[in-house]
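Listed below are the residues making up each chain.
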Amino acid sequence: MDLDANRSLIVAALVRIPAGDRAALQTVYRLTSAKLFGVCLRILGERSDAEDVLQEVYVTVWRKAADFDAARASPMTWLIAIARNRAIDRLRATKHSRRMDPIEAADDVADSSPVADRALESAQDHARLQTCLDGLEARERAALRGAFFDGNTYEDLAARMSVPLGTMKSWIRRAMIKLKTCLQQ
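Residues numbered from 1 in each chain as written. Predicted model: local features only at pLDDT ≥ 70, side-chain atom pairs only at ≥ 80, totals over all residues. Heavy atoms only, no water.

A. The arrangement of the overall build of the protein chain in detail. Broken down by element type, the protein chain carries 8 helices and 0 strands. Counting from the amino terminus, the protein chain carries its helices and strands in the arrangement α-α-α-α-α-α-α-α. Taking all 185 residues of the protein chain together, the buried fraction comes to 28%. A separation of at least 24 residues holds for 57% of the contacts in the protein chain among residues at least 6 apart in sequence. A total accessible area of about 12800 Å² is found for the protein chain, and carbon and sulfur atoms account for 52% of it. (Helix = DSSP H or I, 4+ residues; strand = E, 2+ residues; numbered from the N terminus. Buried < 20%, exposed > 50% of the residue type's maximum accessible area, 1.4 Å probe, protein only. Contact = heavy atoms within 4.5 Å. Areas by Shrake-Rupley, 256 points an atom, 1.4 Å probe, with all protein chains shown as cover.)

B. Representation of the packing of helix H1 (residues 3-16) against helix H2 (residues 22-44). At a minimum axis distance of 8 Å, the contact between H1 and H2 shows a crossing angle of 145°. Crossing of H1 against H2: the hand is left-handed. Each of Asn6, Leu9, Ile10, Ala13, Leu14 and Arg16 in H1 lies in contact with H2, whose residues at this interface are Ala23, Ala24, Thr27, Val28, Leu31 and Thr32. Residues that form the contact of H1 with H2 fall into these classes: 8 nonpolar, 3 polar and 1 charged. (Axes fitted to C-alpha atoms, helices over the stretch in contact; angles between N-to-C directions. Left-handed = near helix turned anticlockwise from the far one by under 90°. Nonpolar A, V, L, I, M, F, W, Y, C, P; charged D, E, K, R; others polar.)

C. Inspection of a nonpolar patch on the surface at higher detail. On the surface, a cluster of nonpolar side chains totalling about 320 Å² of accessible area is made up of Phe148, Phe149 and Met176. Here Met176 shows up in helix H8 (residues 165-184). The class of Met176 is partly exposed, set by a relative accessible area of 40%. (Patch = residues over 30% accessible without salt bridge, like charges linked within 9 Å, V, L, I, M, F, W, Y side chains within 5 Å. Salt bridge = Lys/Arg side-chain N within 4 Å of Asp/Glu carboxyl O.)

D. Spotlight on the pattern of salt bridges. All told, the structure shown has 9 salt bridges when counted by the stated rule. Its salt-bridge partner being Arg90, residue Glu56 comes within 2.7 Å of it at the nearest N-O pair. Remark: Arg90 occurs in helix H4 (residues 75-97) and Glu56 occurs in helix H3 (residues 47-64); sequence separation between them is 34 residues. Classification of Glu56 by relative accessible area gives partly exposed; the value is 31%. Here Glu140 ties to Lys178 by a salt bridge, and the two come within 3.0 Å at their closest N and O atoms. Here Glu140 is found in helix H6 (residues 138-149), whereas its partner Lys178 is found in helix H8, with 38 residues between them in sequence. For Glu140, a relative accessible area of 1% gives the class buried. One connected set of salt bridges, linked through shared partners, spans Glu137, Arg139, Glu140, Arg174 and Lys178.

E. Geometry of H6. A rise of 1.5 Å per residue sets the reference length of H6, with its 12 residues, at 16 Å; its end C-alpha atoms lie 15 Å apart and thus fit the reference within 8%. Of the residues making up H6, those classed as buried are Glu140, Ala143, Leu144, Gly146 and Ala147. The buried residues of H6 occupy an angular sector of 165° when the element is viewed end-on, so they sit on one face. (Expected span 1.5 Å × (residues − 1). Arc of directions from axis to C-beta.)

F. Examining the nonpolar core more closely. Grouped together as the largest cluster of nonpolar side chains are 26 residues, with contacts concentrated most on Leu14, Ile17 and Val61. Of all elements in the fold, only H1, H2, H3 and H4 reach the threshold of two or more residues within this core. The element that contributes the greatest number of residues to this core is H2, accounting for 8 residues. Setting aside residues no more than four positions away along its own chain, Leu14 makes contact with Val28, Val61, Ala65, Phe68, Pro75 and Trp78. Core analysis: the next-biggest nonpolar cluster, separate from the first, contains 14 residues, Leu133, Leu136, Leu157 and Ala158 among them. (Core = buried A, V, L, I, M, F, W, Y, C linked by side-chain atoms within 4.5 Å.)

This is the structure we're talking about:
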């Protein structure tokens, strides 16, 4: 069944629900429950919570199907919005119901961010490394970056740059010696 036919079936069923047509609700459920369950599960992460929310979604559809307007939104957009909102409501409700530690417990939490002088030192080291890398010959820089930053093997680099394996090893070795000398200055 193609998407347009599916959409038409869902719209027709949603129009019949306000009159109390249970078969119409069953049709909507059959055609949409897998997708809506996926939305709920993605947000909540717990299968049991997603199942509960999915049930709430169809209760809402039963009560509010008269509010659906096919001219304003596709049926799946409308249904997904309901499922998403219900799942987020459930997520918020469960977060608020969890036991919270007193604010004084925050005193014991260590700050893992680097101290300002270490961050500055790290930035200076990075700038010095970049300057030293820029001072290498283009082929040595490309070989060094490929081997150590991109994780390529010497064989892959030699094939890519069309040079013998021994030449590639020599380029990388020379580049490392030059880089070490530059960084020690």
